[in-house]
Amino acid sequence: MNGIHGGAVLTRLHFEQAMGIESVPPVAPPPPASGGTEEPRRPVSGRGDAAPSAAPAPAGVDLFTPAITPGAGEPDKAARWKALEAEVQSCKKCRLHAGRTNAVFGCGNKQARLLFVGEGPGFDEDQQGVPFVGRAGQLLNKIIAAMGLKREEVYICNVVKCRPPENRTPADDEVLACSRYLYEQIELVAPSVIVTLGAPATKTLLQTRQGIMSMRGKWHNFRGIPLMPTYHPAFVLRQYTQEVRSAVWEDMKQVMEKLKQS
Ligand code: SF4
């Protein structure tokens, strides 16, 4: 990127137009309660059904050891990226490999200051091998544009790289098997800010069982990197209310402010 374009820093109106918000309450209210603190799940453009939720790794499991042994210094980064992607493309560490058309590694600027982490590929992503290309991806593109950025300026990836069947939430063991790839991607990009999209990504990186509704809108920390959880674009499409869209807007405002400061 790098950085929000100076004079093109998003205006509230710009974002509202992108998100389809006609008017925004002065204080973002909590999203509609559904009896719990989780995003309700059902298929939208790939991401889907309620099923086992991603959960913290069992005690004693090391999630932070790079999948590929790091080389020394910057010149090794290109080699590490290449090796990491090659490993993902041929990975069979969990059952999800059996149903994939393509492993979906990630895309964008490998030196991005802003990194988005979603849950896993849906149908369109599996077909194309690129994250966030379905309806939810189109909304994410709008959000990124409204932030004054281009999609190619940020880095986008998912917790699991292969599409779960029926777009269910990745199971704990699948998250555990795959998350080392995500951790190494984060280490290689070394972003200034991470945005987790939805509960599974938030739970995976923050090792928490708290729901997204209580986590979003507040800064958290992943290995020294400020992390802002927000709703998954697929959830926004399902709950296309002013309250939910405004919540995302409030979260992204904080992200833009953090990027300006960093
Ligand atoms: S989801 Fe991850 S761990 Fe499972 S097969 Fe795909 S790349 Fe490997």
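Please refer to the structure placed before this passage.
Here the structure is a predicted model, which means the values were calculated and not measured.

Definitions and cut-offs
- Residues numbered from 1 in each chain as written.
- Predicted model: local features only at pLDDT ≥ 70, side-chain atom pairs only at ≥ 80, totals over all residues.
- Heavy atoms only, no water.
- Pairing = 2+ DSSP bridges.
- Helix = DSSP H or I, 4+ residues; strand = E, 2+ residues; numbered from the N terminus.
- Contact = heavy atoms within 4.5 Å.
- Axes fitted to C-alpha atoms, helices over the stretch in contact; angles between N-to-C directions.
- Buried < 20%, exposed > 50% of the residue type's maximum accessible area, 1.4 Å probe, protein only.

Student: Could you give an account of the sheet that holds strand β1 (residues 107-108), naming the residues involved and the relevant values?
Tutor: Across the sheet, six strands lie side by side as β1-β3-β2-β4-β6-β5; this open sheet has mixed pairing. The open sheet is flanked by β1 and β5 (220-222), the only strands paired with a single partner. Relative to strand β3 (residues 155-158), β1 runs antiparallel, the two sharing two bridges. Residue pairing in the sheet places Gly108 in a bridge with Tyr155 of β3. Set on the sheet, helix α6 (residues 199-206) makes contact with β2 (114-118), β4 (193-197), β5 and β6 (225-230); between it and β4 the angle comes to about 130°. Packing against the sheet, helix α9 (residues 242-261) makes contact with β2, β4 and β6, and its axis sits at approximately 165° to β6.

Student: Provide a residue-level description of the pairing of β2, including the pertinent values.
Tutor: Each regular strand displays side chains that alternate between the two surfaces of the sheet. Counted residue by residue, β2 has five buried out of five residues, so it is predominantly covered. Burial along β2 is two-sided: the face carrying Leu114, Phe116 and Gly118 and the face carrying Leu115 and Val117 are both buried. Sheet topology places β2 next to β4; four bridges connect them, and they run parallel. Residue pairing across strands places Leu114 opposite Val193, the latter belonging to β4. Relative to β3, β2 is paired through four bridges, and the arrangement is parallel. The residue of β3 that forms the bridge with Val117 is Cys157.

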